[in-house]
Amino acid sequence: QQYCERLYQLVDLVHNTTTQAYAFAKYIFINDAARDPNFNIQENIMEKFFSEVWHSMVNKAEHRTQGETARIRELINRHKDEYLRKSGYDRPAFPYSQQCSSYEGTKIYTA
């Protein structure tokens, strides 16, 4: 019984985070396309982008990145504070969320 309750909490956390990540990705695309008519949405339609968006919706330790990941995070960070303020979403603590972000990012990409 105690394990079922913990599992339900995890499923709820992942579901809510995935819902927010999907909405946030749309928010990024709409705002960047409105701001820059040359915004290339196609360069961001990839699993890595959606995984990073998902990962940005939880509180976790940030690590230095470079290359494509750094570019993606820069795009995300440009919109994150405003999105969180407008949506009222409070990012939950989720240590060790990297595996979930990869899996859920893949699901968003294929949706």
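Residue numbers here run from 1 along each chain, matching the order of that chain's written sequence. Whole-chain, interface and lining totals are the exception, using all residues; otherwise, since this is a predicted model, local features are given only for residues with pLDDT of at least 70 and side-chain atom pairs are given and counted only at 80 or more. The basis for the side-chain values is all heavy atoms of the structure; hydrogens and waters are excluded.

Looking at the packing of aromatic side chains
Phase 1 of the analysis: Each pair of aromatic rings taken from Phe, Tyr and Trp, with Trp reduced to its six-membered ring, is defined by centres within 6.5 Å and is described as stacked if the planes are under 30 degrees apart, edge-to-face if over 60, and tilted in the remaining cases. One pass over the full model with this rule turns up 9 aromatic pairs.
Phase 2 of the analysis: Where Phe-24 meets Tyr-83, the ring centres are 4.8 Å apart and the plane angle is 35 degrees; that geometry is what we call tilted. Here Phe-24 is found in helix H1 (residues 2–35), whereas its partner Tyr-83 is found in helix H3 (residues 67–87), with 59 residues between them in sequence. As far as the burial class goes, Phe-24 and Tyr-83 line up, both buried.
Phase 3 of the analysis: Centroid distance Phe-50 to Tyr-109: 6.4 Å. Interplanar angle 45 degrees. Geometry classified as tilted. Segments assigned H or I by DSSP are reported as helices when at least four residues long, segments assigned E as strands when at least two residues long, and all are numbered from the N terminus. Exposed residues in this analysis have more than 50% of their type's maximum accessible area, buried residues have under 20%, and partly exposed residues fall in between, with area computed by a 1.4 Å probe over protein chains only.

Focus: a nonpolar patch on the surface
Phase 1 of the analysis: On the surface, Leu-7, Leu-10 and Val-11 cluster together into a nonpolar patch covering about 260 Å² of accessible area.
Phase 2 of the analysis: Looking at the element boundaries, Val-11 is found in helix H1. Without a salt bridge and with relative accessible area above 30%, a residue can belong to a patch; like charges are then joined within 9 Å and nonpolar side chains (Val, Leu, Ile, Met, Phe, Trp, Tyr) within 5 Å. Surface exposure here means Shrake-Rupley accessible area, sampled with a 1.4 Å probe, where a residue is shielded only by the protein chains that are shown. By salt bridge we mean one thing: a side-chain nitrogen of Lys or Arg within 4 Å of a carboxyl oxygen of Asp or Glu.

Some points on the environment of Thr-17
Phase 1 of the analysis: Within the secondary structure, Thr-17 sits in helix H1.
Phase 2 of the analysis: Exposure remark for Thr-17: the relative accessible area of 0% places this residue in the buried category.
Phase 3 of the analysis: Sequence separation between Thr-17 and Lys-86 is 69 residues, and the spatial gap between their C-alpha atoms is 16 Å.
Phase 4 of the analysis: Whether two residues are in contact is decided by their heavy atoms: any pair within 4.5 Å suffices. In contact with Thr-17, other than residues within four places in its own chain, are Trp-54, Met-57, Val-58, Tyr-89 and Pro-92.
Phase 5 of the analysis: Each polar contact in these results corresponds to two N or O atoms within 3.5 Å; when the atoms are within protein, one needs to be able to donate a hydrogen and the other to accept it, and residues that are neighboring in sequence are counted only if both atoms are side-chain atoms. From its side chain, Thr-17 meets the backbone oxygen of Leu-13 in a polar contact 2.8 Å long.

Some words on the packing of H1 against helix H4 (residues 98–110)
The description of two helices packed together rests on the angle between their axes and the distance between the axes.
Phase 1 of the analysis: It is the contact of H1 with H4, at a shortest axis distance of 11 Å, that shows an interaxial angle of 50 degrees. By the angle class used here, H1 and H4 are oblique. Here H1 and H4 pass one another in a crossing that is right-handed. Every residue of H4 that contacts H1 at Val-14, Thr-18, Ala-21 and Tyr-22 is listed here: Cys-100, Glu-104 and Ile-108.
Phase 2 of the analysis: Here the residues of the contact of H1 with H4 sort into 5 nonpolar, 1 polar and 1 charged. Between the N-to-C directions of two axes lies an angle of 0 to 180 degrees, each axis being a line fitted to C-alpha atoms and, for a helix, fitted only over the stretch in contact. The scheme is simple: roughly parallel for angles under 35 degrees, roughly antiparallel for over 145, roughly perpendicular for 65 to 115, oblique for anything else. Handedness of a crossing follows from how the near helix is turned relative to the far one, being left-handed for an anticlockwise turn of less than a right angle and right-handed for a clockwise one. Polarity classes work like this: nonpolar for Ala, Val, Leu, Ile, Met, Phe, Trp, Tyr, Cys and Pro, charged for Asp, Glu, Lys and Arg, and polar for all others, with Gly in that last group.

With respect to the pattern of salt bridges
It is possible for side chains bearing opposite charge to pair when their charged atoms get close.
Phase 1 of the analysis: Applying the stated criterion across every chain yields a total of 7 salt bridges.
Phase 2 of the analysis: Here Lys-107 makes a salt bridge to Glu-104, at a shortest N to O gap of 3.1 Å. One end of the pair, Lys-107, and the other, Glu-104, are both in helix H4, 3 residues apart, so they sit about a helical turn from each other.
Phase 3 of the analysis: Given the relative accessible area of 39%, Lys-107 is considered partly exposed.
Phase 4 of the analysis: Three or more residues are tied together by salt bridges with common partners; here these are Asp-32, Arg-35, Glu-74 and Arg-78.

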